[in-house]
Amino acid sequence: MSENIFITEAEITGDADADGPLAGRTVAVKDNISTEGVRTTCGSRMLEDYVPPYDATVVSRLKDAGATIVGKTNMDEFGMGTTTETSYFGAMENPAAPGRVPGGSSGGSAAAVAAGDADLALGSDTGGSVRCPAAFCGVVGIKPTYGLVSRYGLVAYANSLEQIGPFGQTVEETAELLDVIAGPDDRDATTREPPEDSNSSYADAADGDVDGLSIGVPTELLEGADEGVVETFWDALADLEDQGAEYHEVSLPSVEHAVEAYYVIAMSEASSNLARFDGVRYGNSGGYEGNWNDAFGRAREEGFGDEVKRRILLGTYALSAGYHDKYYKKAQDARAWVKQDFDQALSDADVLASPTMPVPPFELGESLDDPMQMYLADANTVPVNLADLPAVSVPAGETDGLPVGLQLVGPAFGERQVVRAASALE
Amino acid sequence: MSDDAVNPEEVRHVAALARIDLEDSEVDRFAEQFADILAAFETLDEVPEVDRDADLANVMRPDEEHDCLGPDRALENAPQSEDGYFKGPNVS
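Since this is a predicted model, take the numbers as computed values, not measurements. (Residues numbered from 1 in each chain as written. Chains lettered and ligands numbered in written order. Predicted model: local features only at pLDDT ≥ 70, side-chain atom pairs only at ≥ 80, totals over all residues. Heavy atoms only, no water.)

1. Let's talk about the overall build of chain A
Thinking step 1. For chain A, the count of helices and strands is twelve helices and eleven strands.
Thinking step 2. Relative to a compact globule of 426 residues, whose C-alpha radius of gyration would be 22 Å, chain A shows 20 Å and is just as compact.
Thinking step 3. C-alpha extents for chain A along the principal axes are approximately 70 × 55 × 45 Å.
Thinking step 4. When the 426 residues of chain A are sorted by exposure, 65% land in the buried category.
Thinking step 5. Put simply, 76% of the contacts in chain A that link residues at least 6 apart link residues at least 24 apart. (Helix = DSSP H or I, 4+ residues; strand = E, 2+ residues; numbered from the N terminus. Rg over C-alpha atoms; globule rule 2.2 N^0.38 Å. Buried < 20%, exposed > 50% of the residue type's maximum accessible area, 1.4 Å probe, protein only. Contact = heavy atoms within 4.5 Å.)

2. So, the overall build of chain B
Thinking step 1. For chain B, the helix and strand inventory stands at three helices and two strands.
Thinking step 2. In sequence order, chain B lays out its α and β elements as α-α-α-β-β.
Thinking step 3. Over its C-alpha atoms chain B spans a radius of gyration of 23 Å, topping by over 25% the 12 Å that the globule rule assigns to 92 residues.
Thinking step 4. Relative to its 92 residues, chain B shows a buried fraction of 28%.
Thinking step 5. Roughly 6,800 Å² of accessible area belongs to chain B as shown, and the carbon and sulfur atoms make up 46% of that amount.
Thinking step 6. When the 7 basic and 26 acidic side-chain charges of chain B are each reduced to a single mean position, those positions are 8 Å apart. (Areas by Shrake-Rupley, 256 points an atom, 1.4 Å probe, with all protein chains shown as cover. Lys, Arg positive; Asp, Glu negative; His and termini not counted. Charge placed at Lys NZ, Arg CZ, Asp CG, Glu CD.)

3. What about the side chain of Thr145 of chain A?
Residues and elements named next belong to chain A.
Thinking step 1. The residue Thr145 is located in the loop between strand E5 (140-143) and strand E6 (163-168) in this model.
Thinking step 2. Among the residues examined, Thr145 registers a relative accessible area of 2% and is labelled buried.
Thinking step 3. Excluding residues that lie within four positions of it along the chain, Thr145 makes contacts with Gln163, Asp388, Leu389, Pro390, Ala412, Phe413, Gly414 and Glu415.

4. Comments concerning the interface of chain A and chain B
Thinking step 1. Counting from both sides, the interface comprises 57 residues of chain A and, opposite them, 48 residues of chain B.
Thinking step 2. It is Tyr288, Leu313 and Tyr317 of chain A that lose the most area in chain A upon contact with chain B, and together they represent 14% of the buried surface on that side.
Thinking step 3. Where chain A packs against chain B, one counts four salt bridges.
Thinking step 4. For Glu42 of chain B, the salt bridge is made with Lys326 of chain A, and the minimal N-O distance between the two is 3.0 Å. (Buried area = accessible area lost by both parts, 1.4 Å probe. Salt bridge = Lys/Arg side-chain N within 4 Å of Asp/Glu carboxyl O.)

5. Re the pairing of E6 of chain A
Residue and element names in this part refer to chain A.
Thinking step 1. With six of six residues buried, E6 is to be regarded as a mostly interior element.
Thinking step 2. Burial along E6 is two-sided: the face carrying Gln163, Gly165 and Phe167 and the face carrying Ile164, Pro166 and Gly168 are both buried.
Thinking step 3. Judged from the six bridges that link them, strand E4 (residues 120-125) and E6 form a sheet pairing that is antiparallel. Bridge pairing in E6 links Ser124 to Ile164. (Pairing = 2+ DSSP bridges.)

6. Notes on helix H7 (residues 292-303) of chain A
Three- or four-residue spacings in an α-helix give side chains the same orientation, since the helix completes a turn every 3.6 residues.
Thinking step 1. Under the 1.5 Å per step criterion, the end-to-end length of H7 of chain A is 16 Å for twelve residues, consistent within 8% with the ideal 16 Å.
Thinking step 2. Residues Ala295, Phe296, Gly297, Ala299, Arg300, Glu301 and Gly303 of chain A constitute the buried set of H7 of chain A.
Thinking step 3. Next to the buried residues of H7 of chain A lie helix H8 (306-319) of chain A together with helix H2 (24-42) of chain B.
Thinking step 4. The N-capping residue of H7 of chain A, defined by a side-chain oxygen 3.0 Å from the backbone nitrogen of Asn293 of chain A, is Asn291 of chain A. (Expected span 1.5 Å × (residues − 1). Polar contact = N/O pair within 3.5 Å; in protein donor to acceptor, adjacent residues only side chain to side chain.)

7. Quick notes on the side chain of Gln407 of chain A
Residues and elements named next belong to chain A.
Thinking step 1. Relative to the elements of secondary structure, Gln407 occurs in strand E11 (residues 402-409).
Thinking step 2. Engagement of the side chain of Gln407 in a polar contact is seen with the side chain of Arg131, the distance being 2.8 Å.
Thinking step 3. Apart from residues lying up to four places away in sequence, Gln407 is in contact with Arg131, Leu352, Ala353, Ser354, Pro355, Thr356, Asn380, Thr381, Val384, Ala391, Val392 and Ser393.

8. Description of the sheet that holds E5 of chain A
Residues and elements named next belong to chain A.
Thinking step 1. With mixed pairing, eleven strands are arranged side by side in an open sheet as E1-E3-E2-E4-E6-E5-E10-E11-E9-E7-E8. Two strands close off the open sheet at either side, each with one partner strand: strand E1 (6-13) and strand E8 (246-250). Across the sheet, the mean angle separating the axes of adjacent strands is 25° when strand polarity is ignored.
Thinking step 2. Together, E4, E5, E6 and strand E10 (391-399) form the strand contacts of helix H4 (residues 171-181), whose direction differs from that of E6 by roughly 145°. (Axes fitted to C-alpha atoms, helices over the stretch in contact; angles between N-to-C directions.)

9. Considerations on the pattern of salt bridges
Thinking step 1. This structure, assessed with the given rule, holds 21 salt bridges over all chains.
Thinking step 2. Taking the shortest distance from any N to any O, the salt bridge between Asp306 of chain A and Arg29 of chain B comes out at 3.0 Å. One end of the pair, Asp306 of chain A, is in helix H8; the other, Arg29 of chain B, is in helix H2, on a second chain.
Thinking step 3. Take Arg29 of chain B: its relative accessible area is 33%, and that puts it in the partly exposed class.
Thinking step 4. Connected via shared salt-bridge partners are Glu36 of chain A together with Arg73 and Glu76 of chain B.

10. Here's the deal with the confidence of the model for chain B
Thinking step 1. Per-chain confidence: chain B averages 89 in pLDDT, with 93% of residues scoring 70 or above.
Thinking step 2. Taken element by element, the predicted model of chain B shows its lowest mean pLDDT in strand E1 (residues 81-82) of chain B (93) and its highest in helix H1 (residues 8-17) of chain B (95). (pLDDT = per-residue confidence, 0-100.)

11. Considerations on the packing of H8 of chain A against helix H9 (residues 324-345) of chain A
Residues and elements named next belong to chain A.
Thinking step 1. Two elements in contact, H8 and H9, have axes whose closest approach is 7 Å; the angle formed by their N-to-C orientations is 105°. Relative to H9, the element H8 is oriented roughly perpendicular. Contacts between H8 and H9 involve Tyr317, Ala318 and Leu319 from the former and His324, Tyr327 and Tyr328 from the latter. (Parallel < 35°, antiparallel > 145°, perpendicular 65-115°, else oblique.)

12. What about the packing of aromatic side chains?
Thinking step 1. Tallied over the full model, the rule gives 18 aromatic pairs over all chains.
Thinking step 2. Geometrically, the ring pair formed by Phe30 of chain B and Phe34 of chain B is stacked, given 5.5 Å between the ring centres and 10° between the ring planes. Of the two residues, Phe30 of chain B and Phe34 of chain B both sit in helix H2, four residues apart, roughly one turn of that helix.
Thinking step 3. Since its relative accessible area comes to 0%, Phe30 of chain B is described here as buried.
Thinking step 4. By relative accessible area, which is 1% here, Phe34 of chain B ends up buried.
Thinking step 5. By the ring-pair criterion, three or more aromatic residues cluster together here, those being Tyr50, Phe78, Phe277, Tyr282 and Phe304 of chain A.
Thinking step 6. Here Arg29 of chain B stacks its cationic end above the ring of Phe30 of chain B, 5.7 Å away from the centre of that ring. (Phe/Tyr/Trp six-rings, centres within 6.5 Å; stacked < 30°, edge-to-face > 60°. Lys NZ or Arg CZ within 6 Å of the ring centre and 35° of its normal.)

Take a look at the structure:
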């Protein structure tokens, strides 16, 4: 069952300091987060033999907290996918739903927690890559506010959108891991000190107290969703209502354009970020015959899989002369519009709730042929990255025996609000 | 790539810009898929112009010397190196 959860199994022990908050805990780390001396492949042939000479900031913080890292987890190549099937190292099964995908792109991290191979895990979320696999594998996953967690040592896919986020079996444990990794870092100038003045930890917020909580339900995020998923979602909201929360419907008209805007921005950033893989300083080499353009073209043809090529080419196209205004500039307008819509909806609600994924986990192999269909599965998660906001996916129940996740979105640096609301569903 | 169809020559052109060699079969498959994906991206035309007043602040640090990765470590992952330098293909 646990097959292919890890690309590399390796024990990295933390500080022997038994007082660390994660002493005695095991953590699985997504294979796009750098670990000194342990290969970090990003699920790609391009980096099959790449061994980072330094640790990501989050890895240093895990070690300082006394955690034991148990391995580097399988993922969609460079984080580009929703099923973990684009990994060069092979697809994997969902431990909570046999025959189905674990979600992606951090599928191995969610599965490691679901299968009991690690107490906790780290993933990265560019357009839902922590929340989707959390929902599909029946575990908790948090996507932090942009700027809360350092990206130093995270191999970049789309820097303006991505954050490293934690997985766990419970909301409280997941929040404990967030407490360890959060906070400003000199090595990532996009990190910020959270503006709030609370001294309490994120884990302390998991007190299940939703009495008086106001929940907005964006109607657009329920449209077109699977019936069983929607039913499970409303049952979970009724549960929160019984505990004293109230809900009202809200409208976010901008999210109708979120998937397209997300993909234009993410692919554009990817085309630039992945230009560094030329096989000279690291990665798969194209050899030394012919001129450098020939060598780079060969290195990249061999090293990248289909989905990565697709995104680099479309990103290159969207940024090319004559198309920049049509695609990239309009996508930035859509991003600003999405932010405004969320700000407005969160001015009359403490949190917003929706199904994390509009569908239950796909069958293995079901979705690889139609990329656009696959991109649309991210409809409920990508708006949150466009708006830079924090969100959690928490198990809400099952439909036909398949896990369903509920997504709670809060205002910027409102991690405690989403943690508190999510903990009431356990 | 025009609005109605995506022509394989244009896929080849973009692939050349991105320095990714493609097989003929890949070019044809991508041309078909890109038509679909770009048709979806066209719907961004419906997005109104939005005021983008991003709340940004400069992050500064003192300009001081600090330790960094030494040449030996930096070269560890290079497929080839020579005399402490990365070795790459011919520039011309």
